[in-house]
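Examination of the molecular architecture
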Amino acid sequence: MNLSLFLAALCLGAALATPKFDQTFDAQWHQWKSTHRRLYGTNEEEWRRAVWEKNMKMIELHNGEYSEGKHGFTMEMNAFGDMTNEEFRQVMNGYQHQKHKKGKVFQEPLMLQSPKSVDWREKGCVTPVKNQGQCGSCWAFSATGALEGQMYLKNGKLVSLSEQNLVDCSQAQGNQGCNGGLMDYAFQYIKDNGGLDSEDSYPYEAKDDSCKYKPEFAVANDTGFVDIPQREKALMKAVATVGPISAAIDAGHASFQFYKRGIYYEPDCSSKDLDHGILVVGYGFEGSDSNNNKYWLVKNSWGPEWGAEGYVKIAKDRNNHCGIATAASYPTV
C-alpha cells in the first residue's frame, strides 16, 4: 500500500471511530457542562457526550409519551446526565438491604381513621433538602430526617443533624460510611453512643473520615427504633400519627435518575430489591382520590435541583410500589 492510500485508510478509520453526535444538542451540551462545571480530557469528553446524549434522547422520548398520557410523571436532564445508569446506581444508592429486625414492631392504632393527606413539612418538622454528593450515604440522611422530626415533635425545635457523624462513627453497628448502611443501624448507633451532633458542629464532607463526635455538641438522642409491618396501610398510619418515617426504595432506574415531577410509577420497580434510603414526609392524592392518583410524599437527599425541589411523589396503594413499605422504621425518643 502506498503512503497516500495508507493515510487515507487511517483517516477513514479515525472517522469511523469518532462518535457521530447530534449537532442539534451542541448548545445544550455546552450549557450543561458549564452549569455542572464538567471538565473532561478529550477521550473522556467523547464518551461522556455519548452517554449524555443517549440520556437526553430517552428523556425527550419519555416526556413526549407523557404528553400523550402514557406516563404520570415527567423527566428532566440533571446533574446525573453524563452517568450511565450502572454508574449512577453504584455511586448514589447506598442502602444495604440485609435488615436484621431488632426494633420493636409498630402497633397500628386500631380505631384510627387516617386522614386522606398528610404533609409534615406544614407542621415545621422537616429540614431543607440536603445533598449527599457522590457518597452512598442515603441511609444517614434518611435516619437524620426521621430523628429531626421526632426531636421537633418532642421539644419544638428543628435542628439539622449531622450525617457525617453517622458516616464516620457507626461502623461498629454495621454501617459502611459512603459504601452504604441501614437506618436502623444508625438509630442503634445513636442510642449506643448516647447522642448525635448537630450539622453545624459536625458538617457534611461527602467522604469517609475519622470519627470526630463530641458529646458537648450532641443535640439529639434516641432510645431505640420501631419497625413498621410491610404493608402500606401500616405505613400510612405511622406517617399519620408518628411523623416523618425512614424507608427504602428501589431507586435504580433511569426514570428515577431523571425524575422531575408528577406521580412516579415504574413498571420495572421491585418491592424487594431496595437500594436507596429516603424519608416519607407525607402522602396525598392529585385530582380525584382514586388509586392511580395517590402518592407518598418523599424527601430525597440529592439536592433541591433534583426532582420537584428535591422531592418525589411515589405511587401509593399500588402493590407496595418500589418497596416503599418493605423496610420502614423510625427512632423512639
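Summary of the structure given here. What you see is a predicted model; the values in this text were computed from it and never measured. (Residues numbered from 1 in each chain as written. Predicted model: local features only at pLDDT ≥ 70, side-chain atom pairs only at ≥ 80, totals over all residues. Heavy atoms only, no water.)

1. Topic: the packing of aromatic side chains
Scanning all chains against the criterion turns up 19 aromatic pairs. Centroid distance Trp29 to Tyr40: 6.0 Å. Interplanar angle 5°. Geometry classified as stacked. Taken together, the residues span a long stretch of sequence, with Trp29 in helix 2 (residues 26-35) and Tyr40 in the loop between helix 2 and helix 3 (42-67) at a distance of 11 residues. Tyr40 shares its class with Trp29; the two are buried. A ring pair is formed by Phe73 and Tyr259, whose centres lie 6.0 Å apart and whose planes are at 35°; its orientation type is tilted. Here Phe73, found in strand 1 (residues 73-75), pairs with Tyr259, found in strand 8 (residues 259-264); they are 186 residues apart in sequence, far enough to count as distant. Accessibility expressed as a relative area gives 2% for Phe73, which makes it buried. Tyr259 gets classed as buried once you look at its relative accessible area, which sits at 1%. A network of ring pairs unites the aromatic residues Phe73, Phe80, Phe88, Phe256, Tyr259, Tyr264, Trp302 and Trp306 as a single cluster. The aromatic ring of Tyr295 is capped on one face by Lys313, whose charged end is 4.5 Å from the ring centroid. Across the ring face of Tyr265, the terminal group of Arg318 is positioned such that the distance to the ring centre comes to 3.8 Å. (Phe/Tyr/Trp six-rings, centres within 6.5 Å; stacked < 30°, edge-to-face > 60°. Helix = DSSP H or I, 4+ residues; strand = E, 2+ residues; numbered from the N terminus. Buried < 20%, exposed > 50% of the residue type's maximum accessible area, 1.4 Å probe, protein only. Lys NZ or Arg CZ within 6 Å of the ring centre and 35° of its normal.)

2. Some remarks on the nonpolar core
Judged by nonpolar contacts, the single largest core of 86 residues is most densely connected at Leu166, Ile228, Leu235, Val239, Ile245, Phe256 and Trp296. Examining the composition of this core, we find that 7 residues originate from one element, helix 5 (residues 138-155), more than from any other. Among all residues touching Ile245, those that are not within four sequence positions of it are Ile228, Leu235, Ala238, Val239, Ile278, Leu279, Val280, Ala328, Ser329 and Tyr330. (Core = buried A, V, L, I, M, F, W, Y, C linked by side-chain atoms within 4.5 Å. Contact = heavy atoms within 4.5 Å.)

3. A short note on helix 3
Between its first and last C-alpha, helix 3 extends 37 Å over 26 residues, near the 38 Å set by a 1.5 Å rise per residue. Turning to helix 3, its buried residues number three or more, namely Arg48, Arg49, Val51, Trp52, Glu53, Asn55, Met56, Ile59 and His62. Looking at the buried positions of helix 3, the neighbouring elements they touch are helix 2, strand 1 and helix 4 (85-92). Two residues or fewer past helix 3, Gly69 is found with a positive phi of approximately 85°. (Expected span 1.5 Å × (residues − 1).)

4. Examining the environment of Asn293
When you line up the elements, Asn293 lands in the loop between strand 9 (276-285) and strand 10 (294-299). For Asn293 and Lys260, which are 33 residues apart along the polypeptide, the C-alpha to C-alpha distance reads 17 Å. Ignoring anything within four residues of it in the chain, the contact list for Asn293 reads Ile263, Gly284, Phe285, Glu286 and Ser288.

5. Observations regarding the pattern of salt bridges
Going through the model one piece at a time under the given rule, you end up with 18 salt bridges. The salt bridge partner of Glu53 is Lys57, with a shortest N-O separation of 3.6 Å. Of this pair, Glu53 and Lys57 both sit in helix 3, 4 residues apart, which is roughly one turn of the helix. Between Glu163 and Lys130 there is a salt bridge, and its shortest N-O distance comes to 2.6 Å. With Glu163 in helix 6 (residues 163-169) and Lys130 in the loop between strand 3 (118-119) and helix 5, this pair connects stretches of sequence that are 33 residues apart. The two residues Glu163 and Lys130 agree in class, both being buried. (Salt bridge = Lys/Arg side-chain N within 4 Å of Asp/Glu carboxyl O.)

6. Focus: the state of the cysteines
Simply put, the disulfide is a covalent bond whose two ends are the sulfur atoms of two cysteines. Throughout the structure, instances matching the rule amount to 3 disulfides. Across the disulfide from Cys135 sits Cys178; the S-S distance is 2.0 Å. The S-S bond linking Cys135 to Cys178 shows a torsion near -95°; that makes this disulfide left-handed. Note that Cys135 is positioned in the loop between strand 3 and helix 5 and Cys178 in the loop between helix 6 and helix 7 (183-193), a separation of 43 residues in sequence. Note on Cys178: relative accessible area 16%, which makes it buried. (Disulfide = S-S within 2.5 Å.)

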